[in-house]
Amino acid sequence: MELENYGEAKKAYEQAVELEPTQRTPWRCLAEFYVKTDDLEKAVEVLHRAVEAMPEDSWVWGNLGEGYRGVKKDYESALKYYQKSVELGSEAPFVWNGLGLTYYNLKNYDESLRAYQKALEFDPQNAVAWDNCGDTWLALENTGKAVECYQKAIEINPKFAQAWRDLGNTYKKLKNYEKAIECHQKSVEFNPKSSWAWFDFGVTYLNCNKDEKATECFAKSIELDPKNAWSWAYVGLILSRNEMYNEALQAYDKALELAPDNKAIAKSREKLLSKMS
């Protein structure tokens, strides 16, 4: 956005908020404007102003929760704002879904499930809530329930790349590599630019000893995000077990350059040096 147009747009949205301070739309547009211009802190400030203008509106409290969860990663504050939205009678699925994500990040999985169930009560076709519900069941080590939720998300949205990826990772956990590969293939088909989707695909191939396929996936992951330390580390692992020790050391060094505090990668590098000595 050009500077002149940026200033004009900002002025227009601010004027709209001044003219209609108790209407949701101007506040939403102003907050979305700052999100689109990558000024996320300012977007959160706008949501605080919206709460001051409409303290009894559950929608604005829910959006403030979204800001603290998604932007600030301040889950304790996000929880407080989501709960205020719920107290005011919110039936918005995004509020309940956000509340579920917040509880998940706070490792309160039982409350996370309750929140997702409310989101799905209000919107049974909410594929994202089904997918998130699957994540919580997986955290509780109930892979059967997790698979059911991921499959439901995919049934609702067959092109939901994240759900395919999560289902693939669950089948990988169950060592059902044939189904895992099928799911990861769908994941990268629908989201080919995700470095982490290619990484997970590579790990699945690695677990069933298909090193060449795994290497291709990790190479694609690195192409999409050269700063993906884990992909570099797994390249090192493959090279090491194929006795290409010098090349493996270079890959581990690159991984640690990107993630110098990663103890797991450092330990793998130490094991490699032991082999080389």
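Everything numeric in this text was worked out from a predicted model, so none of it was measured. (Residues numbered from 1 in each chain as written. Predicted model: local features only at pLDDT ≥ 70, side-chain atom pairs only at ≥ 80, totals over all residues. Heavy atoms only, no water.)

Enquirer: Any chance you could explain the nonpolar core here in plain terms?
Expert: Ranked by internal contacts, the top residues of the largest apolar core, which has 31 residues, are Val60, Leu64 and Leu99. Contributing elements (two or more residues each) for this core: helix 1 (3-19), helix 2 (24-36), helix 3 (40-53), helix 4 (58-70), helix 5 (75-87), helix 6 (93-105) and helix 7 (109-122). Counting 27 residues, the second-largest nonpolar core is a separate cluster that includes Trp198, Phe199, Phe218 and Leu249. (Core = buried A, V, L, I, M, F, W, Y, C linked by side-chain atoms within 4.5 Å. Buried < 20%, exposed > 50% of the residue type's maximum accessible area, 1.4 Å probe, protein only. Helix = DSSP H or I, 4+ residues; strand = E, 2+ residues; numbered from the N terminus.)

Enquirer: I'm lost on the packing of aromatic side chains in this one. Help?
Expert: How two aromatic rings sit relative to each other is set out by the distance from centre to centre and by the angle between their planes. Enumeration according to the criterion identifies 13 aromatic pairs in this entry. Relative to Phe33, the ring of Tyr13 lies with its centre 5.6 Å away and its plane at 50 degrees, an arrangement referred to as tilted. On the criterion of sequence distance, the pair formed by Tyr13 in helix 1 and Phe33 in helix 2 is long-range, its members being 20 residues apart. On the basis of relative accessibility, which here comes to 30%, the residue Tyr13 falls in the partly exposed class. Linked through ring pairs, Trp196, Phe199, Phe218, Trp230 and Tyr234 together constitute an aromatic cluster. The ring of Trp96 has Lys118 lying over it, and the distance from NZ or CZ to the ring centre is 5.6 Å. (Phe/Tyr/Trp six-rings, centres within 6.5 Å; stacked < 30°, edge-to-face > 60°. Lys NZ or Arg CZ within 6 Å of the ring centre and 35° of its normal.)

Enquirer: Explain the packing of helix 4 against helix 5 here, please?
Expert: Running from amino to carboxyl end, helix 4 crosses helix 5 at an angle of 165 degrees, the nearest separation of the two axes being 8 Å. Relative to helix 5, helix 4 is oriented roughly antiparallel. Taken as a pair, helix 4 and helix 5 cross one another with a handedness that is left-handed. Only Tyr75, Ser77, Ala78, Tyr81, Tyr82, Lys84 and Ser85 of helix 5 make contact with helix 4, whose side of the interface consists of Ser58, Trp61, Gly62, Leu64, Gly65, Glu66, Tyr68 and Arg69. (Axes fitted to C-alpha atoms, helices over the stretch in contact; angles between N-to-C directions. Parallel < 35°, antiparallel > 145°, perpendicular 65-115°, else oblique. Left-handed = near helix turned anticlockwise from the far one by under 90°. Contact = heavy atoms within 4.5 Å.)

Enquirer: For this particular structure, what's the right way to read helix 13 (residues 211-224)?
Expert: Along an α-helix, residues three or four positions apart point the same way, because every turn accommodates 3.6 residues. Along its 14 residues, helix 13 runs 20 Å from first to last C-alpha, staying within 8% of the 20 Å computed at 1.5 Å per residue. Considered for burial, the residues of helix 13 that qualify are Asp211, Ala214, Cys217, Phe218, Ser221 and Ile222. Down the axis of helix 13, the smallest arc covering the buried residues is 140 degrees, so these residues share one side. Opposite the buried face of helix 13, at more than 90 degrees from it, the exposed residues are Glu212 and Glu223. (Expected span 1.5 Å × (residues − 1). Arc of directions from axis to C-beta.)

Enquirer: How do you make sense of unusual backbone geometry when you look at a structure like this?
Expert: In this structure, Lys73 is a non-glycine residue whose phi angle is positive, near 60 degrees. Checked against the element boundaries, Lys73 lands in the loop between helix 4 and helix 5.

Enquirer: Just to check I follow, could you spell out the pattern of salt bridges for this structure?
Expert: For side chains of opposite charge, pairing can occur when their charged atoms come near one another. Under the definition given, this model contains 14 salt bridges. A salt bridge links Arg69 to Glu66, with the shortest nitrogen-to-oxygen separation between them at 3.2 Å. Here Glu66 and Arg69 lie together in helix 4, a separation of three residues that amounts to about one turn. What makes Arg69 buried here is its relative accessible area of 18%. Note on Glu66: relative accessible area 24%, which makes it partly exposed. In this structure, Asp253 engages Arg269 in a salt bridge whose closest nitrogen and oxygen atoms are separated by 2.6 Å. Remark: Arg269 occurs in helix 16 (residues 263-276) and Asp253 occurs in helix 15 (residues 245-258); sequence separation between them is 16 residues. (Salt bridge = Lys/Arg side-chain N within 4 Å of Asp/Glu carboxyl O.)

Enquirer: What is the right way to read the packing of helix 6 against helix 7 from this model?
Expert: The description of two packed helices rests on the angle between their axes and on the distance between the axes. Where helix 6 meets helix 7, the axes come as close as 8 Å, and the angle between the chain directions of the two elements is 165 degrees. Here helix 6 is positioned roughly antiparallel relative to helix 7, judged by the angle of their axes. The interaxial crossing formed by helix 6 with helix 7 has left-handed handedness. Together, Pro93, Trp96, Asn97, Leu99, Gly100, Leu101, Tyr103 and Tyr104 of helix 6 and Tyr109, Glu111, Ser112, Ala115, Tyr116, Lys118, Ala119 and Phe122 of helix 7 make up the contact between the two elements. When the residues that make up the contact of helix 6 with helix 7 are grouped by side-chain class, the tally is 11 nonpolar, three polar and two charged. (Nonpolar A, V, L, I, M, F, W, Y, C, P; charged D, E, K, R; others polar.)

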